[in-house]
Amino acid sequence: MKIKLFGNNFTFQNFREFLLIYKDIFIYNEYNFSSSKKKPFIIDCGAHIGIPLIYFKRKYPDAVIEAFEANPRTYTLLNKNVNDNELRNVSLHNAALASKKGKINFYTHKFGWTWGDAGVKNSWYSKKTYRTISVPSLKLSSYINKRVDLLKIDIEGMEVEVIYEIRSKLHLVSEIIIEFHGSKTNKNNSIDKLLSILDKYKFSYTINAPITIFNMFNRSFSLNKEKMKDPYFLIIKAKQK
């Protein structure tokens, strides 16, 4: 399916999924950040079909972007959207990000959704609805060799693994926006572990519930383990102090 909105071309597989993602990014500005640079360096981990890339390029047309998407089917749409919108200075990688370079199991939805594809079995995983494939894995630290103006991470339950892997490079990262995915079935992806890393490497941060039509203005979130749902999702925005 294909649609043109405000001068941009979008090709996607699932219309409802597209609208939900477009709303979060272009209407609610989930990935808004400010840079004084004309050519900020942005790393997009979990680029999906490229809606975040188009958003970043509308905001900063000269931005230099490294983007990673593990699902081969989703990557095909990502590549098409980058080409159809003539996005320049964008490098695409059809690979997952992990603690080691090589191959990992990746769990993808069998039907029309691409949300929730991950390198871990999250609580929404089911043999009936997901298939297992093997995908290349890369270490994000290999791509952080200069100042990163924005590191965007939306990798469905592998946030802690990747943040820990780049810990020696975090001093080069100015700002991070993380969509955190918490689940009792994925205890390694602990919010406590993530925040302890951000604290150790001198980041200040805010934690909010994702924006919805029901909580556009009151997005406060309490890290009360007894009241937290399973799974739960958070938007964490972190900046170097």
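Reference entry: report on the structure contained in this document. (Residues numbered from 1 in each chain as written. Predicted model: local features only at pLDDT ≥ 70, side-chain atom pairs only at ≥ 80, totals over all residues. Heavy atoms only, no water.)

Some remarks on the pairing of strand β4 (residues 64–68)
Operational definition: Exposure classes here rest on a 1.4 Å probe applied to the protein chains alone. A residue is buried below 20% of its type maximum, exposed above 50%, and partly exposed in between. Only runs of H or I of at least four residues qualify as helices and only runs of E of at least two qualify as strands under DSSP, and these elements are numbered from the N terminus. The pairing criterion for strands is at least two bridges between them, as found by DSSP. Whether a crossover is right-handed comes down to one check: with the strands pointing away from the viewer, does the path from the first strand over the helix to the second run clockwise; if it does, it is right-handed.
Judged by how many residues are buried, β4 sits mostly within the fold: four of five residues are covered. In the sheet, strand β3 (residues 41–45) pairs with β4 via five bridges, with the strands oriented parallel. Looking at β4, one finds that Phe41 is bridged to Val64. A crossover connection joins β3 to the parallel β4 through helix α2 (residues 51–59); in handedness this β-α-β unit is right-handed. With four bridges joining them, β4 and strand β5 (residues 90–93) adopt parallel strand pairing.

A few points about the pattern of salt bridges
Our working definition: A pairing counts as a salt bridge when a side-chain nitrogen of Lys or Arg comes within 4 Å of a carboxyl oxygen of Asp or Glu.
Per the stated rule, a full pass over the model turns up six salt bridges. Linking Lys152 and Asp44 is a salt bridge whose minimum nitrogen-to-oxygen distance equals 2.7 Å. Taken as a pair, Lys152 in strand β9 (residues 150–153) and Asp44 in strand β3 lie far apart in primary sequence, 108 residues in all. Like Asp44, Lys152 is buried.

A few points about the sheet that holds strand β12 (residues 232–240)
Test applied: Note on geometry: axes are lines fitted to C-alpha atoms, helical ones only across the stretch in contact, with angles between N-to-C directions running from 0 to 180 degrees.
As summarised here, the arrangement of the seven strands in space is β5-β4-β3-β9-β10-β12-β11, forming an open sheet in which the pairing is mixed. Pairing within the sheet leaves two strands with one partner each, and these edge strands are β5 and β11 (203–208). Along the sheet, successive strands turn relative to each other by an average axial angle of 15°, direction set aside. Note that β3 and β9 share four bridges and pair parallel. In the strand pairing of β9, Ile42 is matched with Leu150.

Some thoughts on the packing of aromatic side chains
Inclusion rule: Each aromatic pair joins two rings of Phe, Tyr and Trp (for Trp, the six-membered one) with centres within 6.5 Å, and gets the label stacked for planes under 30 degrees apart, edge-to-face for over 60, and tilted for any other angle.
Taken as a whole and judged by the stated rule, the model has 16 aromatic pairs. Residues Phe18 and Tyr22 carry aromatic rings whose centres are separated by 5.7 Å and whose planes lie at 40° to one another, so their mutual orientation is tilted. Taken together, the residues span about one helical turn, with Phe18 and Tyr22 both in helix α1 (residues 15–27) at a distance of four residues. When sorted by exposure, Phe18 lands in the same class as Tyr22, which is buried. Cluster of aromatic residues (ring-pair linked, three or more members): Phe10, Phe12, Phe15, Phe18, Tyr22, Phe26, Tyr31, Phe33, Tyr55, Phe56 and Tyr60.

Regarding unusual backbone geometry
For Glu86, which is not glycine, the phi dihedral falls at a positive 50°. Turning to its location among the elements, Glu86 is positioned in the loop between α3 (72–84) and β5. Although it is not a glycine, Asn89 sits at a positive phi angle of roughly 60°. On the secondary structure map, Asn89 appears in the loop between α3 and β5. Residue classification places Asn89 among the partly exposed positions, given a relative accessible area of 47%.

Focus: α2
Among the nine residues of α2, seven are classified as buried, and the element is accordingly described as predominantly covered. If you check which residues of α2 are buried, you get Ile51, Pro52, Leu53, Ile54, Tyr55, Phe56 and Lys57.

Looking at the sheet that holds strand β6 (residues 96–97)
Across the sheet, three strands lie side by side as β6-β8-β7; this open sheet has mixed pairing. For this open sheet the edge positions go to β6 and β7 (102–109), each flanked by a neighbour on one side alone. Where β6 meets strand β8 (residues 130–138), two bridges bridge the pair, whose relative direction is parallel. In the sheet register, Ala96 faces β8, and the bridge partner there is Ser137.

Digging into a nonpolar patch on the surface
What counts, and what does not: Note on patches: the residues involved have over 30% relative accessible area and no salt bridge, like charges join within 9 Å, and the nonpolar side chains Val, Leu, Ile, Met, Phe, Trp and Tyr join within 5 Å. Residue exposure ignores everything except the shown protein chains as possible cover, and the areas themselves are Shrake-Rupley values with a 1.4 Å probe.
Together, Met1, Phe15 and Leu19 give the surface a local cluster of nonpolar side chains, amounting to about 300 Å² of exposed area. Position of Phe15 relative to the elements: it lies in helix α1. Accessibility expressed as a relative area gives 38% for Phe15, which makes it partly exposed.

Focus on the packing of α1 against α2
Here is the rule we go by: Oblique is the label for any angle not under 35 degrees, not over 145, and not in the 65 to 115 range, which are roughly parallel, roughly antiparallel and roughly perpendicular in turn. Should the near helix be turned counterclockwise from the far one by less than a right angle, the crossing is left-handed, whereas a clockwise turn marks it as right-handed. Contacts are assigned to residue pairs with any non-hydrogen atoms lying within 4.5 Å of each other.
Between α1 and α2, the least distance of the axes is 10 Å, while the angle of their chain directions is 30°. The orientation of α1 with respect to α2, classified from their angle, is roughly parallel. Along this stretch, α1 crosses α2, giving a crossing that reads as right-handed. Touching Phe18, Ile21, Tyr22, Ile25 and Phe26 of α1 are Ile51, Pro52, Ile54, Tyr55 and Arg58, all from α2.

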